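# Tertiary structure, described
The primary structure of each chain is shown beneath.
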Amino acid sequence: MERNPYSRPSQPPENLSTASPRRFPSAEIYPQTHLMTGPYAASEETIESAFARLAPYAQTTSFNGLHYALHAAASAAEPLPPPMAYEGEIQRALVWAQAQTANGGGFSGPHSFPGPHRQINVGPDAAAAGFPGPNPHLLLAPTQDSMNFHQRRDFCNAGCDDYRCSSLHGKEPYPQLSRNTGFPSLPLDQQYEWRAKQLTPANMRGKIVSLANDQIWSRALNLKLETGSSNELIESILPEVMASLGDLLRNQFGGDFVQKLFVSCCNEDQRTRIIVALTKSPPQLISICLNSLGARGVQNLLQHLTTPQQISLVVSALGHGCIALATDPNGLYVMQFCVNNFPGEYNKHVFNVVAANFFKVATHRNGCCLLQSCVEKSHGETRKRLIGQILANGVDLSQDPYGNYVVQHLIGLRIQEVTEDLLRRFRGHFWYFSCDKFASNVVEKFLTESGENICAAIIRELLSSPNASALLLHQFGNFVVQSALSASKGQVRDGLIDLIKLNAPSMQSNLYGQKILDWLEKRRIPYNV
């Protein structure tokens, strides 16, 4: 009969077995032999009792798989084969069994295999059968299971310097020069102290940048600078630091290292050399300041500039990218620090650049903040130039989301002639400004900061408008009316209250009109006719 290729066979092929595979080799293939030969062959202890003593360790990480060997040892139908040099958990378990028997049931050493600490003589028979001797790791296949021990160290000799074997040799713990293995036996502060002691001018040469940018070694470097920095050490570090200031200051840990070096360890001459290297390429300095970490690092360096040469070098280099920095959230802080903390003669170039790009800076979210600082800190002709730019563009700036802050700042300076000049330029615009989301803030600033005479002039213009009553019901105009009531006196205020009384019925049914009525009620000012 022809065989159907799609039908399932009724019987499995002869070369396949449905039974579960055996965990250990069969006793017929590997007849059982004695594990111990030579001086250990006389021991009356059975392999079962040796494994039984190891039972408490069977569930730990280093004894992974031992319970399989215990199960095999307890089964009469499946005798244990001799130890063989193939990978698997049973060989590890047998090695442990031999170690326990050889040491009288004791356990010496921190690792899972017997090493030269015990010097087990396995005898010629066991060695011929594949039993591992003093260096069992040479016979084991390097599987993940067989290597999964503490730092994968399975042997040691009496002359080793591994601090984890110190208990075997009576030595003090000695940490390793590695950031990955850690120091299990040392407190964290002692780890960094030990690392700092290993750093010398010779072994740090050519590695300063990589060490400083590393989370762990940067702390060791900082500790080295705090505890044992000499002029020789600083001079050996400076060339590499000055050549890689951009990379260091843009790094979280490298920036801290540079700041520590500049503030705590360098003398005046060395600081000047660092500033010269930092400002030698203005585009590099500007790119550092545009970075969030770099801007913080540069700002901390600026706080410790002491000589006119250092200040002049920095401000001059920053002036080449003044507009880019002023319109950047990170660079803004650097520029504002220079303007607010350094004398005006150093920032004259910055003021002139801002004045030349006035409208771009004034209408920018970050730039408007720098412009206000420039107006406040500048003097003489430079200040007149900046104020003249604001007056000339005041109408447009008042209606800008960010420019209105510049106009408000100028009014807040309370320069009488400037405020009067601004009032003349705004005549005829106050009603419209009162209904604008941004310009209404400028009108309120006028009413509260410019004095009684200017306040009265603005209110008269508002009351004389044919649409004056519309301000009472407007979402922005109602705030202008409240500010006018607070700042006005005499006849001007009476005129406002009369306007409110005429429109009170409509204001009571309006959300914004009701706010004005609530303001009057709180002050117990009658508004009903």
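Summary of the structure given here. Please read these numbers as outputs of a predicted model, since none were measured by experiment.

### A word on the side chain of T272
Mapped onto the elements of the fold, T272 is located in helix α13 (residues 268–279). Setting aside residues up to four positions removed in sequence, T272 forms contacts with Q309 and Q310.

### Brief notes about the environment of Q491
In this fold, Q491 is placed in helix α30 (residues 490–502). A relative accessible area of 72% means that Q491 is categorised as exposed. Spatially, the C-alpha atom of Q491 lies 9.3 Å from that of A456, the residues being 35 residues apart in sequence.

### What about the packing of aromatic side chains?
Here the structure, examined in full by the defined rule, presents 6 aromatic pairs. Centre to centre, the rings of F426 and F433 are 5.3 Å apart; their planes meet at 90°, and the pair counts as edge-to-face. Each of the two residues, F426 as well as F433, counts as buried. On the basis of relative accessible area, F426 is assigned to the buried category, the value being 1%. Connected via pairs of aromatic rings, a cluster forms that spans F426, F430, Y432, F433 and F446. A cation over an aromatic ring shows up here: R195 above the ring of W217, its NZ or CZ 5.4 Å from the ring centre. Over the aromatic face of F262 sits the side chain of R271, whose NZ or CZ is 5.6 Å from the ring centroid.

### Overview of the packing of helix α14 (residues 282–289) against helix α15 (residues 292–302)
The interhelical angle for the contact between α14 and α15, taken along N-to-C directions, is 110°, at an axis separation of 6 Å. In terms of their interaxial angle, α14 and α15 are classed as roughly perpendicular. The segment α14 lies against α15, with L285, I288 and C289 engaging G294, A295 and V298. Of the residues that constitute the contact of α14 with α15, the class distribution is 5 nonpolar, 1 polar and no charged.

### Details of the packing of helix α12 (residues 252–265) against α13
Direction vectors running N to C along α12 and α13 enclose 145°, while the axes themselves pass 9 Å from each other. In terms of crossing hand, the pair formed by α12 and α13 is left-handed. Within the contact between the two elements, α12 uses F262, V263 and C265 and α13 uses Q270, R271, I274 and I275.

The rules behind the values
- Residues numbered from 1 in each chain as written.
- Predicted model: local features only at pLDDT ≥ 70, side-chain atom pairs only at ≥ 80, totals over all residues.
- Heavy atoms only, no water.
- Helix = DSSP H or I, 4+ residues; strand = E, 2+ residues; numbered from the N terminus.
- Contact = heavy atoms within 4.5 Å.
- Buried < 20%, exposed > 50% of the residue type's maximum accessible area, 1.4 Å probe, protein only.
- Phe/Tyr/Trp six-rings, centres within 6.5 Å; stacked < 30°, edge-to-face > 60°.
- Lys NZ or Arg CZ within 6 Å of the ring centre and 35° of its normal.
- Axes fitted to C-alpha atoms, helices over the stretch in contact; angles between N-to-C directions.
- Parallel < 35°, antiparallel > 145°, perpendicular 65-115°, else oblique.
- Nonpolar A, V, L, I, M, F, W, Y, C, P; charged D, E, K, R; others polar.
- Left-handed = near helix turned anticlockwise from the far one by under 90°.

Function cannot be inferred from these measures alone, as they are strictly geometric.
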